[in-house]
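Report on the structure
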There are 2 protein chains.
Amino acid sequence: MVDAPETGSPESPARTFPVPTSVSPEAQQFLSMPAFGSAEYPELDDVPGWVAYVEQADAGLLMAMELRNAGANVTVAELSVDGVPVFDVTPEGAPNGADDPIYYDIHGGALVMGAGPGCRAMAIGNAAGTRMHTLAVDYRMPPRHPYPAALDDCLVVYRSLLEDHAPETIVVGGGSAGGNLAAALMLRARDEGLPMPAALVLMTPEVDLTESGDSFQTNLGVDAVLTRSLMPANLLYAGGHDLTDPYVSPLFGDFTADFPPTFLQSGTRDLFLSNTVRMHRKLRAAGVDAELHVFEAMPHGGFFGAPEDRESSEEVRRFIAAHLKP
Amino acid sequence: MVDAPETGSPESPARTFPVPTSVSPEAQQFLSMPAFGSAEYPELDDVPGWVAYVEQADAGLLMAMELRNAGANVTVAELSVDGVPVFDVTPEGAPNGADDPIYYDIHGGALVMGAGPGCRAMAIGNAAGTRMHTLAVDYRMPPRHPYPAALDDCLVVYRSLLEDHAPETIVVGGGSAGGNLAAALMLRARDEGLPMPAALVLMTPEVDLTESGDSFQTNLGVDAVLTRSLMPANLLYAGGHDLTDPYVSPLFGDFTADFPPTFLQSGTRDLFLSNTVRMHRKLRAAGVDAELHVFEAMPHGGFFGAPEDRESSEEVRRFIAAHLKP
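Residues numbered from 1 in each chain as written. Chains lettered and ligands numbered in written order. Predicted model: local features only at pLDDT ≥ 70, side-chain atom pairs only at ≥ 80, totals over all residues. Heavy atoms only, no water.

**Section: the confidence of the model for chain A**
Residues and elements named next belong to chain A.
- Across chain A, the average pLDDT comes to 94, with 96% of residues at 70 or higher.
- Across residues 1-7 the pLDDT falls below 50, and counting only partners more than four positions away or on other chains, this stretch makes 16 contacts in the model.
- Scoring of the predicted complex yields 0.96 for pTM and 0.95 for ipTM. (pLDDT = per-residue confidence, 0-100. Contact = heavy atoms within 4.5 Å.)

**What to know about the nonpolar core**
- One finds Tyr104(A), Ile106(A), Val172(A), Leu185(A), Tyr104(B) and Ile106(B) to be the most contacted residues of the largest nonpolar core, which totals 108 residues.
- Sequence-distant contacts of Leu185(A), defined by excluding residues within four places in its chain, comprise Tyr104(A), Ile106(A), Leu151(A), Cys154(A), Leu155(A), Tyr158(A) and Val172(A). (Core = buried A, V, L, I, M, F, W, Y, C linked by side-chain atoms within 4.5 Å. Buried < 20%, exposed > 50% of the residue type's maximum accessible area, 1.4 Å probe, protein only.)

**As for the relation of the copies chain A and chain B**
- The two copies are related by a screw operation: chain A maps onto chain B through 180 degrees of rotation and 0.0 Å of translation along the axis, at an RMSD of 0.0 Å. Here the copies are linked by what is in effect a two-fold axis. Residues of chain A ranked by C-alpha distance from the rotation axis are headed by Ala14(A), positioned 2.0 Å from it. (Least-squares fit on C-alpha atoms with pLDDT ≥ 70 in both.)

**What about the pairing of strand β2 (residues 84-91) of chain A?**
All names here are of chain A.
- The element β2 is largely enclosed, with a buried count of seven among its eight residues.
- Across eight bridges, strand β1 (residues 74-81) lies against β2 in antiparallel orientation. Within β2, the position partnered with Ala 77 by the bridge is Asp 88.
- Where β1 hands over to β2, the hairpin turn is made up of two residues, of which Asp 82 adopts a positive phi near 50 degrees.
- Of the strand pairs in this sheet, β2 and strand β4 (residues 134-137) are connected by four bridges, and their pairing is antiparallel. Bridge pairing in β4 links Asp 88 to Leu 135. (Helix = DSSP H or I, 4+ residues; strand = E, 2+ residues; numbered from the N terminus. Pairing = 2+ DSSP bridges.)

**Things to note about the sheet that holds strand β8 (residues 290-295) of chain B**
Residues and elements named next belong to chain B.
- Spatial ordering of the open sheet is given by β1-β2-β4-β3-β5-β6-β7-β8, a layout of eight strands whose pairing is mixed. Two strands bound the open sheet, and with one partner strand each, they are β1 (74-81) and β8. Strand-to-strand twist in this sheet, taken as the mean axis angle between neighbours without regard to direction, amounts to 20 degrees.
- With four bridges joining them, strand β2 (residues 84-91) and strand β4 (residues 133-137) adopt antiparallel strand pairing. (Axes fitted to C-alpha atoms, helices over the stretch in contact; angles between N-to-C directions.)

**Some details on the interface of chain A and chain B**
- Taken together, the contact pairs 59 residues of chain A with 59 residues of chain B.
- Roughly 5,100 Å² of surface becomes buried between chain A and chain B when both sides are summed, with 52% attributable to carbon and sulfur atoms.
- Counting across the chain A and chain B interface gives eight salt bridges.
- Of the charged contacts, one joins Arg269(B) and Asp214(A) as a salt bridge, the two residues approaching to 2.6 Å between their closest N and O atoms.
- At the boundary of chain A and chain B, one finds 14 residue pairs in polar contact (both at pLDDT 80 or more).
- Residue contributions to the side of chain A that touches chain B peak at seven residues, all from helix α8 (residues 273-285) of chain A.
- Tallied by class, the residues present in the side of chain A that touches chain B amount to 24 nonpolar, 21 polar and 14 charged. (Buried area = accessible area lost by both parts, 1.4 Å probe. Salt bridge = Lys/Arg side-chain N within 4 Å of Asp/Glu carboxyl O. Polar contact = N/O pair within 3.5 Å; in protein donor to acceptor, adjacent residues only side chain to side chain. Nonpolar A, V, L, I, M, F, W, Y, C, P; charged D, E, K, R; others polar.)

What follows is the structure in structure tokens.
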């Protein structure tokens, strides 16, 4: 029955992948667009180079986010929590008192992008998606502020939230790099004796900065959003810290059953598919109530406005509602 | 931000995939072996060719299964249920009275393989995995018996089971082609007014014989177990019936919230990854309690004896226990 004499996985010839008919017309439209391109990564020690890189990337990110947020009916306040800037976003009609549920949003952007206006735009998107009062942390980032600055800022805001809100009214969430920080925050909060929130939402989380997952190989050239390794940004973020440190790559953390119920989402074309499914398995092995949703042909971060994205938001809302006290 | 002028997904160069370090040593060992090879498919109308093809393929399948079952402590009886041959398998110590839970096992094998000794061996494996009294249906198959023979046989045995067992004590399960039949059986049983079982287990189910899922492209050459399209076997099975008929490709069925709670499993390298996640989404959209488990770097059907396979069995047992009345 065996005819291939070589060891290793079968060879995959050069190819392009046809747009599948198995997704919505809107998703097909997205998949038929050219793959995202990006500027070359600067050298690790080239601070002005990184500043310029981030500035350019942020402009594109912001444009995409603002397009997606068009029509979102929210009120936004810029505040400071113990010196950390935050955006306080309330969708129209959402309760935002001290006893009401609150979504603590940790933004994405490869741990280098998405500061300021990007953080604000992503917070609006997540508030519109969850329909919850949302507090988004505008954490410090490289090149000027490597690890642990971002995690420190996330922790400051979480501590402050716990002063005003019962933990069972708090949901913590993050996508991509924000999923890294959200998961690392849980580990660090637990280690510092803080209570866990009601639930955790990890959207295609970047939980392994070593990029050891198989989809970093198998979905390279398949994911049209993340089209290359993020290692230069990972190293810049870590600032010389070990990439396997659980606060840097929370996939390598020691999970216990008191970790909050966790929602995980990815797509079959996602470069972070392995990040997501490995995190799911790690949590399940620890006895955590963790549920996985993988969307057909979806690249990293979704289809930017297809019915599948709305379906994903609906699952998040249902998950949150099931884990918030009535 | 966009630099690729072409439409369509990014190009993937020719490559082999390194064995990932992100799985167990046993799984790495499995992934470092040569890809499965198979004989050429016969022409669709070449009955003796198919008989010979199946005979050869079955021999390999049986060898793998018996290796996996070595040491399984079970009692097996060969019975006939209203003319349909079945294997009745009881793991040592498992209760097998009329009031005790029973696992109704529908075997895999691309809808052409796995009859007789193969069915028996797969039933032993599933009985050992679920630790439940198991009844496996040795359904008729092509080339002599195309659709609907297999589904008819599955239904005959399900009807008979319902005469002796309360539906809430029955779990229906199938892997690969067995997942096709298990899901189609639920649709047909519902349409014929029969009650649903306590739970359904679909292990990397072949729910779409049209092969419209994206992973039929993206995981081609990545999955070392299923290394090509199964379309010739699908057409042989359908015997001229429309491949999109929900009894032939249950993914296209009309699901409702009374469908049984469903466990779905796949792997990131699985050619049937799209089959699995699309079925999960279809069930979720209908409000069905369906849970998804995707294993890192796993090809179709698992690693044939790695810790990940045992972890998968544990999840199935936990799922079944949660859905059987105490």
